[in-house]
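# Reading the structure
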Amino acid sequence: MIPLSVPNLSGNEWKYIKECLDTNWVSAVGSYVDDFEKKFATFTQSRYAVSVVNGTAALHISLVLAGVERGDLVIVPNITFVASCNAISYVGAEPLLIDIDPLTWQMDLSLLESFLKEKTVQKNGQLYHKESQRRIKAIMPVHVLGNMCDMDQVMKLASDYLLEVVEDSTEALGSYYKNKHAGTFGKLGCFSFNGNKIITTGGGGMIVTDDEKLGKKAKHITTQAKAKSDEYFHDEIGYNYRLVNILAAMGVAQLEQLSGFLERKKQVTDFYNNQLKKIKGIQFQQVNPNVQPNNWLYTVMIPGQKKLIAYLNQSTIQVRPFWVPMNQLPMFKKNIYITTHDRSDEIYHTSVSLPCSTSILDQELEQVVSKIIEFDHVNG
Ligand SMILES: *Cc1c(COP(=O)(O)O)cnc(C)c1O
């Protein structure tokens, strides 16, 4: 079988994890936690990086720190992994869903701008949705598939409309907009090290910020808000969201290999783009010229999607469709959804993610392509 996207553990993972076991530093404190955070901050050029148990927890805490409260609305693209919207729900707020741009598959910023212009009002330094009277506190751009939207425009809208920016950059480690790393534009940025992400700790996440107060607070509330080192005195309700030393050790080993992973992902994307362009009706994800993407998960829009997925899976090539749009999930179907053409639905019914592990062999890539061309001949 050619898997969709599997971890690549060919570096110092064993060595560093073994060291944790040998020295008994397996749990919540240990030198690898500090090391991973420092190296991650350096890589993304953020002042603070705080490791957490997964990307969803990173989003949850970041929303808390951005001041999102019960009853608020948070702007988020309708095409994202459910964790973005779940995290918004954890703080008692609700996702305000924006359709995606048909070319980049990121949040449609012109749609967002006209919504903000026509449907919102500013009162006492806060933004309100006219119709529901609810406060809109923040915007959460999601860097879908490691691509990014026009971050200058996001930041301009955020400043014009008094919105906090929390970036869901969980898929975008190694992606840049105008040479600035994803996750470092907003107040806080969130990353994930789940098994299918570009680097993995099995499960894990990171919060980055340039704000000293927020960085310290993030560490504090993700570690049970313990306020004194010599006593169990906790000064607020905290969370047990820390990443353990064993997993941080794995993270350090993965980070060492990131530049190689990025290179391989780019080769895979270039290969597929070149080989598949002869397929009639195929549409590739367009990248904003200011963006250098990490090419995390290769995805195309292709005619006959359902049949193609069945055909490839049967040929032991593991592929999968894109996420079901948020407005089509039972928990969010009553939420505000801003759209003109429901591009989210279109992409859901036409997209396929193809095998793109960093360890994939060239001959496997050729095999995937020839199966797709074979399918195209039979069905095209
Ligand atoms: C992976 C992912 C998350 C959540 O990360 P976990 O580490 O799995 O909790 C959130 N948002 C998006 C867009 C993701 O792809």
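Just so it is clear, the model here is predicted, and its values are computed rather than measured. (Residues numbered from 1 in each chain as written. Predicted model: local features only at pLDDT ≥ 70, side-chain atom pairs only at ≥ 80, totals over all residues. Heavy atoms only, no water.)

### Structural notes on the side chain of Q254
This is how it is decided: Secondary structure counts use DSSP, requiring at least four H or I residues in a row for a helix and at least two E residues in a row for a strand, with both numbered from the N terminus. In this scheme, a residue with accessible area under 20% of its type's maximum is buried, one over 50% is exposed, and one in between is partly exposed, where area comes from a 1.4 Å probe on protein chains only. The contact criterion used throughout is that any non-hydrogen atoms of two residues lie within 4.5 Å.
As for its placement among the helices and strands, Q254 is situated in helix α8 (residues 245-256). Among the residues examined, Q254 registers a relative accessible area of 1% and is labelled buried. Ignoring anything within four residues of it in the chain, the contact list for Q254 reads N8, L9, E13, I199, T200 and F261.

### Brief notes about helix α10 (residues 305-314)
For an α-helix, 3.6 residues make a turn, and residues three or four places apart therefore share a direction. This is how the line gets drawn: This arc is taken over the directions from the axis of the helix to the C-beta atoms.
Every buried residue of α10 is listed here: Q305, L308, I309 and L312. An end-on view of α10 places all buried positions within 100° of arc, on one side of the element. In α10, the exposed residues that point more than 90 degrees away from the buried face are K306, K307 and Q314. Where α10 is buried, its residues meet α11 (343-350), β16 (351-353) and α12 (362-379).

### Quick notes on the nonpolar core
When a protein is soluble and globular, its nonpolar side chains tend to lie buried together. Inclusion rule: Think of a nonpolar core as a cluster: buried Ala, Val, Leu, Ile, Met, Phe, Trp, Tyr and Cys residues, connected wherever their side-chain atoms sit within 4.5 Å. For every domain, the bounds stem from an assignment made automatically or drawn from a database.
Core analysis: the largest hydrophobic core is formed by 92 residues, its most contacted members being F36, F40 and Y272. Here this core gathers at least three residues from each of two domains, domain 1 (13-256) and domain 2 (258-322 + 351-379). Beyond its immediate chain neighbours, meaning those up to four positions away, Y272 contacts Y298, L354, P355, I360, L365, V368 and V369. Counting 28 residues, the second largest nonpolar core, distinct from the first, contains I136, L163, V165 and V291.

### Some words on the domain arrangement of the chain
Spelled out, the test is: What gets called buried area is simply the loss in accessible area from a 1.4 Å probe that two parts show on being joined, summed for both. We define a polar contact as two N or O atoms separated by no more than 3.5 Å, with the added condition that, inside protein, one atom must be a possible hydrogen donor and the other a possible acceptor, whereas residues neighbouring each other in sequence contribute only through side-chain atom pairs. Three classes are used, and their members are as follows: Ala, Val, Leu, Ile, Met, Phe, Trp, Tyr, Cys and Pro are nonpolar, Asp, Glu, Lys and Arg are charged, and the others, Gly among them, are polar.
What the domain assignment lists for the chain is domain 1 (13-256) and domain 2 (258-322 + 351-379). When each unit is reduced to the centre of its C-alpha atoms, the spacing between domain 1 and domain 2 is 28 Å. For the pair domain 1 and domain 2, the summed buried area comes to about 2,200 Å², and 60% of that belongs to carbon and sulfur atoms. Per-residue buried area on domain 1 facing domain 2 is highest for W105, L145 and I198; these three make up 34% of the total on that side. Taken together, the connections running from domain 1 to domain 2 amount to 11 residue pairs in polar contact (both at pLDDT 80 or more). Elements with a contribution of two residues or more to the side of domain 1 that touches domain 2: β8 (176-177) and α8. A per-element tally of the side of domain 1 that touches domain 2 places α8 first, with three residues. Here the residues of the side of domain 1 that touches domain 2 sort into 15 nonpolar, nine polar and five charged.

### Comments concerning helix α4 (residues 83-90)
The set of residues buried in α4 consists of A83, S84, C85, A87 and I88. On its buried face, α4 is in contact with α3 (55-65), β2 (73-77), β3 (94-98) and β7 (164-168). At the C-terminal side of α4, G92 shows a positive phi close to 85°.

### A short note on empty space enclosed by the protein
Quick reminder of the rule: Grid points spaced at 1 Å and placed over the protein atoms alone form the basis of the search, with a cavity being a set where a 1.4 Å probe fits but cannot get out and a pocket an open set showing protein on both sides within 12 Å along at least five of seven lines. Lining residues have an atom within 4 Å of a point. Grid points are joined across faces, edges and corners, and a volume is the space filled by probe spheres set on the points.
Inspection of every chain in the model, using the stated rule, returns two cavities of 30 Å³ or more. Estimates place the volume of the largest cavity at around 80 Å³. As for the largest cavity, its lining consists of 15 residues, of which V6, P7, K197, I198 and T358 are closest to the centre. Classifying every residue of the lining of the largest cavity by side-chain character gives five nonpolar, eight polar and two charged. Of the residues that make up the lining of the largest cavity, three or more belong to each of domain 1 (13-256) and domain 2 (258-322 + 351-379).

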